[in-house]
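# Descriptive analysis of the structure
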Amino acid sequence: MTIQVDTDWWKNIFDAVYLMTDSRSICDDTLTQTEVDFIETALSMKKSAPVLDLCGGQGRHAVELSRRGFTNVTVLDYSDYLIQMGKQQANEQKLNTFFVQGDARDTKLAEESFGAVIIMGGSFGYFAHDKENKKILKETFRLLMPKAELLVDLPDKKYVLKNFKPISIHKVGDTIEVTRTRELEHDVIYCREVVTCTEKGCLRENNYCVRLYTPEKISGILSSIGFSDISFQKDFMDRQEQGDYGTMTNRMVVKAHKKK
């Protein structure tokens, strides 16, 4: 491997530059509304039920749920920058959305306190090793009430492998260019991202990774934790006609229940 990734790369990358480089996905209101349409249909729960948007960033899904009348929505994310941004937006819109800074593997939140947990926007799989990603799913099991549901949005491994591109370049406005160089090894995509500006030069260079899962693999992990009634929605978001969005191009959603 020529792209070396620090284990804790995710601790420092999610800031203003991230919002800019990924704005075509995470700042797209139409896309967010479509995703929340799916969440509402998939979960089919009362709007008074407590919902946790885990690894929720600035809370784009949580805030939209609150706009639609959900009264008890919490966002947990490690990025204090995104948490503060979400708080400000919720306050400005007078929405009852709660924001908590923390690690998804050990949230410190109360056991069996949520009627649903969602992990959206490709926010799962940030660890190269299965055991760390599994800790997040085990934590969701602890947090869910009996008979509650989990939704996890993740890249479709089959699509990613079939359409793997070692390099992609896209523009943000007239002055920003984002170049991503990718390597694939043992079901993990390692990526080097370089963000340049025609006026200011290099804004950032960083490396990150995403572990890919097949339905069979993620289903096996969920079952081993205690989840049941596991189902999949393929082509949850298919944007291949719009260009290369990396692991956000074609995604699937896994739904699982906590019975006991």
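Heads up: the structure comes first, above all this text.
First, a word on scope: everything that follows refers to the structure included in this document. (Residues numbered from 1 in each chain as written. Predicted model: local features only at pLDDT ≥ 70, side-chain atom pairs only at ≥ 80, totals over all residues. Heavy atoms only, no water.)

### A look at the environment of Val51
Locating Val51 in the fold gives a position in strand 1 (residues 51-54). Between the alpha carbons of Val51 and Tyr213 there is a distance of 25 Å; along the sequence they are 162 residues apart. Apart from the residues within four sequence positions on either side, Val51 is in contact with Met45, Leu65, Phe70, Asn72, Val73, Thr74, Phe114 and Ala116. (Helix = DSSP H or I, 4+ residues; strand = E, 2+ residues; numbered from the N terminus. Contact = heavy atoms within 4.5 Å.)

### What to know about the packing of aromatic side chains
Within this structure, the stated rule accounts for 9 aromatic pairs. A centroid spacing of 5.7 Å and a plane angle of 40° characterise the contact between Trp9 and Tyr208, whose relative ring orientation is tilted. Taken together, the residues span a long stretch of sequence, with Trp9 in the segment before helix 1 (16-21) and Tyr208 in strand 9 (residues 201-211) at a distance of 199 residues. There is no split in this pair, since Trp9 and Tyr208 are both buried. A ring pair is formed by Phe124 and Tyr213, whose centres lie 5.7 Å apart and whose planes are at 40°; its orientation type is tilted. (Phe/Tyr/Trp six-rings, centres within 6.5 Å; stacked < 30°, edge-to-face > 60°. Buried < 20%, exposed > 50% of the residue type's maximum accessible area, 1.4 Å probe, protein only.)

### Remarks on helix 8 (residues 215-225)
Those residues of helix 8 that fall on the buried side of the exposure criterion are Pro215, Ile218, Ser219, Ile221, Leu222 and Ile225. Viewed end-on, helix 8 has its buried residues packed into an arc of 160°, placing them on one side of the element. Residue Gly226 follows helix 8 closely and has a positive phi angle near 130°. (Arc of directions from axis to C-beta.)

### Quick word on the nonpolar core
By size, the foremost hydrophobic cluster in this structure holds 44 residues, and its most contacted members are Leu54, Phe124, Leu137 and Leu150. In terms of residue count, strand 5 (residues 144-155) provides more of this core than any other element does, 5 residues in total. Apart from the residues within four sequence positions on either side, Leu150 is in contact with Val117, Ile119, Leu137, Thr140, Leu144, Leu222, Phe227, Val254, Lys255 and Ala256. By size, the runner-up hydrophobic cluster in this structure holds 21 residues, among which are Ala42, Val51, Leu65 and Ile118. (Core = buried A, V, L, I, M, F, W, Y, C linked by side-chain atoms within 4.5 Å.)

Shape is all these values report; function is a separate question.
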